[in-house]
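Take a look at the letters that make up each chain.
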Amino acid sequence: MKSNGNNWRHNNYYFCRRWLKRGLAALLMLVTLIGAITLSHWPIAPVFKSTSAAIAQTPASSAEGLVQRGQQQYRAGDYATAAQLWEEAAALFGAVGDRWSQVQSLNYAAQAHQTLGNWPAAEDAIAASMALWDEDEAALSPEHLQAIGQAWTIQGSLLLEHSQHQAALAAFERAAESYRAAADETGLLRSQVNQAKALQAHGFYRRAVELLESVRPSLTSRSPSPLAASGLRTLGDLKRTVGDLSTAQDLLERSLLLAEQLEEEEAIAAAQFGLANTAAASGNFDRAQALYQQVLQSGDSPSQTVKAGGAWIGLLADLEDGTAIDDVLTQLTPALAQLPPSRLRTYAYIDIASALAKMPQGDYRQTAVEFLVRARQDAQSLGDLPGESYALGTLGDVYFQARQLDEAQTLTENALALSETVNAAEISYKWNAQLGALQKDRGNSESAIQHYTAAFNTLQSLRTDLVAISDDVRFNFRADVEPIYRDLVDLLTALPQSSESELQQARGAIESLQLAELENFFREACLSPSQEVDRVVDSAEQPTAVLYPIILPDRLEVILKLPQQPLTHYATPIIQTDLETRLAQLRDDLYLPYTLRAVQSEAAQFYDWLIAPIQSQLEDSQVDTLVFVLDGALRNIPMGLLYDGDRYLIEKYSVAIAPGLQLVDPKPLTERALAVVTVGLSEARHGFSPLPFVETEVNRVKELFSSQVLFNQAFTETSLEETIQASPFPVVHLATHGQFSSNPEETFILAWDKPIQLQNLNDILRNSEQSRESAIELLVLSACETAAGDRRATLGLAGVAVRAGARSTLASLWSLDDETTAIFMDKFYAALLAPGINRAQAVRSAQTELLSNPRYEHPRYWAPYVLVGNWL
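Residues numbered from 1 in each chain as written. Predicted model: local features only at pLDDT ≥ 70, side-chain atom pairs only at ≥ 80, totals over all residues. Heavy atoms only, no water.

Asker: What exactly am I supposed to notice about the overall build of the protein here?
Answerer: What the protein contains, in helices and strands, is 36 helices and 13 strands. Scored against the burial criterion, the 872 residues of the protein give a buried share of 63%. Excluding contacts between residues fewer than 6 apart, the proportion of contacts in the protein whose partners are at least 24 apart in sequence is 71%. Carbon and sulfur atoms make up 47% of the accessible area of the protein, which amounts to about 31,000 Å² in all. (Helix = DSSP H or I, 4+ residues; strand = E, 2+ residues; numbered from the N terminus. Buried < 20%, exposed > 50% of the residue type's maximum accessible area, 1.4 Å probe, protein only. Contact = heavy atoms within 4.5 Å. Areas by Shrake-Rupley, 256 points an atom, 1.4 Å probe, with all protein chains shown as cover.)

Asker: How should I be thinking about the pattern of salt bridges in this particular structure?
Answerer: Between side chains of opposite charge, a pair can form as their charged atoms come close. For the structure shown, the criterion picks out 26 salt bridges. Measuring nitrogen to oxygen at the nearest pair gives 2.3 Å for the salt bridge that ties aspartate 406 to arginine 442. Of this pair, aspartate 406 sits in helix α20 (residues 405-421) while arginine 442 sits in the loop between α21 (425-441) and α22 (445-461), and the two are 36 residues apart along the sequence. You can call arginine 442 partly exposed: its relative accessible area is 33%. (Salt bridge = Lys/Arg side-chain N within 4 Å of Asp/Glu carboxyl O.)

Asker: I tried to follow the side chain of threonine 234 on my own but got confused; where do I start?
Answerer: Mapped onto the fold, threonine 234 is located in helix α11 (residues 226-241). If we skip the residues at most four places from it in the chain, threonine 234 touches Val193, Lys197 and Leu212.

Asker: I keep staring at unusual backbone geometry and nothing clicks. Help me out?
Answerer: Negative phi values dominate among residues other than glycine, just as trans dominates among peptide bonds. Positioned with a positive phi, alanine 183 is a non-glycine residue whose angle comes to about 60 degrees. Inspection of the secondary structure puts alanine 183 in the loop between α8 (165-181) and α9 (185-201). Phi at asparagine 423 is positive, roughly 55 degrees, even though this residue is not glycine. The topology assignment puts asparagine 423 in the loop between α20 and α21.

Asker: Mind showing me how you'd approach a nonpolar patch on the surface here?
Answerer: On the surface, a nonpolar cluster with roughly 240 Å² of combined accessible area is contributed by Tyr591, Leu592 and Leu816. Position of tyrosine 591 relative to the elements: it lies in helix α27 (residues 576-591). (Patch = residues over 30% accessible without salt bridge, like charges linked within 9 Å, V, L, I, M, F, W, Y side chains within 5 Å.)

Asker: What is the right way to read the pairing of strand β8 (residues 731-740) from this model?
Answerer: Look at any regular strand and the pattern is simple: side chains alternate between the two faces of the sheet. Most of β8 is tucked away, with 9 of its 10 residues classed as buried. Pairing of strand β6 (residues 675-680) with β8, which is carried by 5 bridges, proceeds in the parallel orientation. Its bridge partner being in β8, valine 679 is matched across the sheet by leucine 734. Note: β8 against strand β11 (residues 778-786), 8 bridges, orientation parallel. When the bridges of β11 are listed, histidine 733 appears paired with valine 780. (Pairing = 2+ DSSP bridges.)

Asker: Could you clarify how one ought to interpret α21 in this entry?
Answerer: For an α-helix, the turn length of 3.6 residues means that residues three or four places apart are oriented alike. With 17 residues, α21 should cover 24 Å at 1.5 Å per step; its first-to-last C-alpha distance of 24 Å lies within 8% of that length. Within two residues after α21, glycine 443 carries a phi angle of roughly 85 degrees, on the positive side. (Expected span 1.5 Å × (residues − 1).)

Asker: What's the story with the pairing of strand β1 (residues 544-552) in this structure? I'm lost.
Answerer: By the criterion of burial, β1 is predominantly enclosed, with 9 of the 9 residues buried. Judged by which residues are buried, β1 turns out to be covered on both faces: Thr544, Val546, Tyr548, Ile550 and Leu552 on one side and Ala545, Leu547, Pro549 and Ile551 on the other are all buried. With 4 bridges joining them, β1 and strand β4 (residues 625-628) adopt parallel strand pairing. Paired with leucine 547 across the strands is phenylalanine 628, a residue of β4. Sheet topology places β1 next to strand β2 (residues 555-561); 7 bridges connect them, and they run antiparallel. Note on β2: the bridge partner recorded for isoleucine 550 is glutamate 557.

Asker: What should I look at first to understand helix α31 (residues 717-726) in this one?
Answerer: Listed as buried for α31 are Glu717, Ser719, Leu720, Thr723 and Ile724. When α31 is viewed along its axis, its buried side chains cluster within an angular range of 160 degrees and face the same direction. Summarising the geometry of α31, the exposed residues directed more than 90 degrees from the buried face are Glu722 and Ala726. (Arc of directions from axis to C-beta.)

Asker: Sorry, what's going on with the environment of threonine 821 here?
Answerer: Relative to the helices and strands, threonine 821 is located in helix α34 (residues 818-833). Sequence separation between threonine 821 and serine 782 is 39 residues, and the spatial gap between their C-alpha atoms is 7.0 Å. Threonine 821 has contacts with Glu697, Ser782, Ala783 and Tyr865, leaving out every residue within four places of it along the chain. Within the structure, threonine 821 has its side chain in polar contact with the backbone oxygen of aspartate 817 (distance 3.4 Å). (Polar contact = N/O pair within 3.5 Å; in protein donor to acceptor, adjacent residues only side chain to side chain.)

Asker: Can you walk me through the packing of aromatic side chains in this structure?
Answerer: The geometry of an aromatic ring pair is captured by two quantities: the separation of the ring centres and the angle between the planes. For the structure on display, the rule yields 19 aromatic pairs. Taken together, the ring pairs in this structure connect Phe705, Phe824, Phe828, Tyr829 and Tyr865 into an aromatic cluster. In this arrangement the basic side chain of arginine 860 is found over the ring face of tyrosine 861, its NZ or CZ atom lying 5.0 Å from the centre. (Phe/Tyr/Trp six-rings, centres within 6.5 Å; stacked < 30°, edge-to-face > 60°. Lys NZ or Arg CZ within 6 Å of the ring centre and 35° of its normal.)

Asker: When you look at the packing of helix α15 (residues 302-319) against helix α17 (residues 343-357) in this model, what are you seeing that I'm missing?
Answerer: Two quantities define a packed helix pair, namely the angle between the axes and the distance from one axis to the other. At a minimum axis distance of 8 Å, the contact between α15 and α17 shows a crossing angle of 15 degrees. Compared by their axis directions, α15 and α17 come out roughly parallel. Crossing angle aside, the handedness with which α15 passes α17 is left-handed. Here α15 contributes Ser303, Val306, Lys307, Gly310, Ile313, Gly314 and Ala317 to the contact with α17, which in turn contributes Leu344, Ala348, Ile352, Ala355 and Leu356. Considered class by class, the residues forming the contact of α15 with α17 number 8 nonpolar, 3 polar and 1 charged. (Axes fitted to C-alpha atoms, helices over the stretch in contact; angles between N-to-C directions. Parallel < 35°, antiparallel > 145°, perpendicular 65-115°, else oblique. Left-handed = near helix turned anticlockwise from the far one by under 90°. Nonpolar A, V, L, I, M, F, W, Y, C, P; charged D, E, K, R; others polar.)

Asker: What exactly am I supposed to notice about the packing of helix α4 (residues 79-95) against helix α5 (residues 99-116) here?
Answerer: Their axes nearest at 8 Å, the elements α4 and α5 cross at an angle of 160 degrees. What the angle tells us is that α4 and α5 run roughly antiparallel. For the element pair α4 and α5, the recorded crossing hand is left-handed. On the side of α4, the interface is formed by Tyr79, Ala80, Ala83, Trp86, Glu87, Ala89, Ala90, Phe93 and Gly94, while α5 contributes Ser101, Gln102, Ser105, Leu106, Tyr108, Ala109, Ala112, His113, Thr115 and Leu116. Looking at the contact of α4 with α5 residue by residue, the classes come out as 12 nonpolar, 6 polar and 1 charged.

Asker: Just to check I follow, could you spell out the environment of tyrosine 591 for this structure?
Answerer: You can call tyrosine 591 partly exposed: its relative accessible area is 32%. Residues tyrosine 591 and tryptophan 814, 223 residues apart in the sequence, show an inter-C-alpha distance of 8.3 Å. Contact partners of tyrosine 591, with chain neighbours within four places excluded, come to Trp814, Leu816 and Arg860.

Asker: Teacher, can you tell me more about the environment of glutamine 261 here?
Answerer: With respect to the secondary-structure elements, glutamine 261 resides in helix α12 (residues 245-262). As for glutamine 261 and serine 225, which are separated by 36 residues in sequence, their C-alpha atoms are 9.1 Å apart.

Asker: Can you walk me through a negative patch on the surface in this structure?
Answerer: Negative charge collects at one region of the surface, where Glu263, Glu264, Glu265 and Glu266 lie side by side. Along the chain, glutamate 264 turns up in the loop between α12 and α13 (265-281). Relative accessible area serves as the criterion here: at 34%, glutamate 264 is assigned to the partly exposed category. (Lys, Arg positive; Asp, Glu negative; His and termini not counted. Charge placed at Lys NZ, Arg CZ, Asp CG, Glu CD.)

Asker: How should I be thinking about the side chain of aspartate 378 in this particular structure?
Answerer: Among the structural elements, aspartate 378 can be located in helix α18 (residues 364-382). Setting aside residues no more than four positions away along its own chain, aspartate 378 makes contact with Pro341, Arg345, Thr346 and Tyr349.

Put into structure tokens, the structure is as follows:
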């Protein structure tokens, strides 16, 4: 079958896979990031066949010698010489009519050019290889089919290198077809591993894990092989990416054992590097450094040496350990200098320079400048325009930090021009944001808004890439992307007279930030915003106000949407750190039994900031319900406890929260009789204490509604899945221990047989939609709570609410005792049965009833229950 290798050549061919992750900054902010480098950043090594049947049959002995010499040079790291030798071999094979040896030599040459970052030459070589296929593949020999499989593999790696993830996946699938036809089980398995890497690069971490898990038996049932070591290592890196650190460590240790049995130095170093990154992600910095040191000292793999040294310097920069940085630089600098110009060296220089520039002490800035100059020189010699753009833009950032603003602006503008030349949008957003920050620093608000808007618009077009680049490249969501949204909102709302269109833009940025945070949490581009925000508010049956409080460095800004009215905004001057300290104090006091007056005083302060400025507007609009789209640490505080000095907010309004109104479609409960799948666990299991009042809670729900009950031993992951799929009940009530965390792997509910992780719970609830008449209307998570000490734990709550497919979710931010929870749930369901009462009103009724009882008047008893999503 003939394929045109130029079909995928277009203006954004140089669209590079961004940066190698700088490591611990995100980890220190409780975001688990890894330093693993995916296939898309480091090319697939050629699969050499020393006894290729096709080559062995040709009389061109000199060509065979060139092939073998090319293999030797490639293994030695001299990729340019290897490429030249293979191209000469291809010409000789072509001269004697040995097409398939020519194909294989061109395949090798394409891979060597890719390793060098010489994209046009790599493209030309693989296109020339594919142009030689003029026969029906069904009639080809296994050796020829293997050569085609190899070409598709290289084609896939080139496409993946340039962020063409879907096309890369298709190429790897074509490779699998060829290897399957050739009965080459090893090639087929390798193609499946590559497909998983393409899925990973596209942001589909879960699908990548599932694919690798499906081939895992094939990897482990064979005798030790480089492919098994590579496959287990890839799966381990993916497990780290999704936060399953213990499994990641186990897989990487098994990969290391295989590599040691095979005495494969490159594979040993790669497994040690993965283990080092896993240790760093776990906070075990001593072990991480010891492993980085092992890789660095072994010297067996120049590429792994450079990667490990760069990751180690990034870690040390975050720890501000200058002495250790000096030692690593002493070992690493000669290794860098000995490497030939390549993308490996280019980006290593950039990564190390970025880390050094962060150091507050020592003369590291000059070293950073020198490394960036070398990176630019390497990129220019390779014709790597994206690499040159990164070097220039990072150099601009170094000058920005040094307050040399003119030089910083010139360098950043040049970097932006280069990235736009090659249509590299995922680089351009960074430099537009940097120019926005420069203009903001200079007081040029209009120009700053233009640049931030350009960066924001690019981010919107790169939603799937935001996930794909979250952990395996130079990208840190909280450090690199989140500030762009906030800075744009800051600029738009700080204008003397913000127009309606500017407030609309600011609100759009807030909504988009909510989506981006959730997708970053899921490690997958999984959300489909579909609702028009104004329509949601203007068409609500009960008059509803939506408040968007957003925490900015110097103020608490609030954007308000009232029914049938334009947006307005107001602000309270307060330093972000002071605000977050007050929020933490309020949250701490809410747990304690004798802090009622302190809680009321603290809650009154937040009422003055959030509600008092608009109290008259709410009254004039006859608002019944307040919906909060909360930001940052505000998510840890239930808004219903805000206090006006006499009454709590929940006594005046129904209150709900939303993870962005684009994801909410508020519709009332149907008039049909409510029925509930009721699930409970009262006994101590898996280290968790008993919940004796859960039985009372389950029995009460059963009395009020038609119910399908799973209790204690009957409540397993399998029984839950079977019951929900078979029961078209609109309400699912889960009364058991559970936890919401900023780490998806630490978000779970407890079943009799095991904790059910977030992903599995999502799958159970989502899969039920295929067998149910309609979506779950209400998911109740009783006795669950947010993880202690996790400032972003409510991302887990929002994640459950969004991914479960339920229109709304009722849960608690903290759990004190199951007796109070049982009382609250009884009152909530009783209220929900009353005619004309919606979900938010039922929550309000239950909370105010608890509040009216002197025994439960402290907010610690009634306040933690929050309704997420549809409030009607």
